[in-house]
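Each chain, letter by letter, is given below.
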Amino acid sequence: MSIREDVWALYHRGKYDTAVFEAMKAVEVTVRNAAAMPASLLGVKLMRAAFAPENGPLSDMKVDSGERVARMELFAGAIGSYKNPQSHRKVALDDPDEAAEIIMLANHLLRIVDAMTKKIYP
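First things first, this report covers the structure right here in the doc. (Residues numbered from 1 in each chain as written. Predicted model: local features only at pLDDT ≥ 70, side-chain atom pairs only at ≥ 80, totals over all residues. Heavy atoms only, no water.)

All right, on to the side chain of D60 then. In this structure, D60 sits in the loop between α3 (43-50) and α4 (65-88). Ignoring any residue separated from it by four or fewer positions in sequence, one finds D60 in contact with R68, M116 and K119. (Helix = DSSP H or I, 4+ residues; strand = E, 2+ residues; numbered from the N terminus. Contact = heavy atoms within 4.5 Å.)

Written out as structure tokens, the structure reads:
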């Protein structure tokens, strides 16, 4: 999955905070679906469950446990830093370069989930 055109449309209209929120929400929804997690599991808790190093459904058990922890922290940190604040308050994001970088991070995270999903369900 990749970031949808509507995220980039928001970005091009200068609605950087909304574009970032929608991009990270796409990560959250995609992770939840790929890991078959309940709708009640949200944000950082969802990422930690989906990528739990010992038993997470999206954790790659073929790599070192330290790398599995790092992957879990990458997803949890991205959601915690870029989606959660947007969910709870108005965030002033007015730098187009920063917004584009965050959207590209979300796109990369989606690529990781897609690759893990293909390993799980070839």
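Next comes the rest of the write-up.
Before going further, it helps to spend a moment on the packing of helix α1 (residues 5-12) against helix α2 (residues 16-35). The axes of two packed helices give the description: the angle between them and the distance between them. The N-to-C vectors of α1 and α2 enclose an angle of 160 degrees; their axes lie 7 Å apart at closest approach. The pairing of α1 with α2 is recorded here as roughly antiparallel in orientation. Judged by the twist between their axes, the crossing of α1 over α2 is left-handed. Contacts between α1 and α2 involve V7, L10 and Y11 from the first element and Y16, T18, A19, E22 and A23 from the second. (Axes fitted to C-alpha atoms, helices over the stretch in contact; angles between N-to-C directions. Parallel < 35°, antiparallel > 145°, perpendicular 65-115°, else oblique. Left-handed = near helix turned anticlockwise from the far one by under 90°.)

Nonpolar side chains in soluble globular proteins tend to be buried together. In this structure, V27, V31, F51, L58, F75 and I103 are the most contacted members of the largest nonpolar core, which totals 36 residues. Only α1, α2, α3, α4 and α5 (96-120) provide two or more residues apiece to this core. (Core = buried A, V, L, I, M, F, W, Y, C linked by side-chain atoms within 4.5 Å. Buried < 20%, exposed > 50% of the residue type's maximum accessible area, 1.4 Å probe, protein only.)

This part covers α5. Along its 25 residues, α5 runs 36 Å from first to last C-alpha, staying within 8% of the 36 Å computed at 1.5 Å per residue. All of the buried residues in α5 are A99, A100, I102, I103, A106, N107, L109, L110, I112, V113 and M116. With a side-chain oxygen positioned 2.9 Å from the backbone nitrogen of D97, the residue opening α5 is D95. (Expected span 1.5 Å × (residues − 1). Polar contact = N/O pair within 3.5 Å; in protein donor to acceptor, adjacent residues only side chain to side chain.)

Within the fold, E5 resides in helix α1. Classification of E5 by relative accessible area gives exposed; the value is 71%. Along the sequence, E5 and P53 sit 48 residues apart, while their C-alpha atoms lie 33 Å from each other.

Our focus in this paragraph is the packing of aromatic side chains. Counting across every chain of the model gives three aromatic pairs. With 5.4 Å between their ring centres and 80 degrees between their planes, W8 and Y11 make a pair best called edge-to-face. Note that W8 and Y11 are positioned in helix α1 at a spacing of three residues, about one turn of the helix. An aromatic cluster is built from W8, Y11 and Y16, whose rings are joined through pairwise contacts. (Phe/Tyr/Trp six-rings, centres within 6.5 Å; stacked < 30°, edge-to-face > 60°.)

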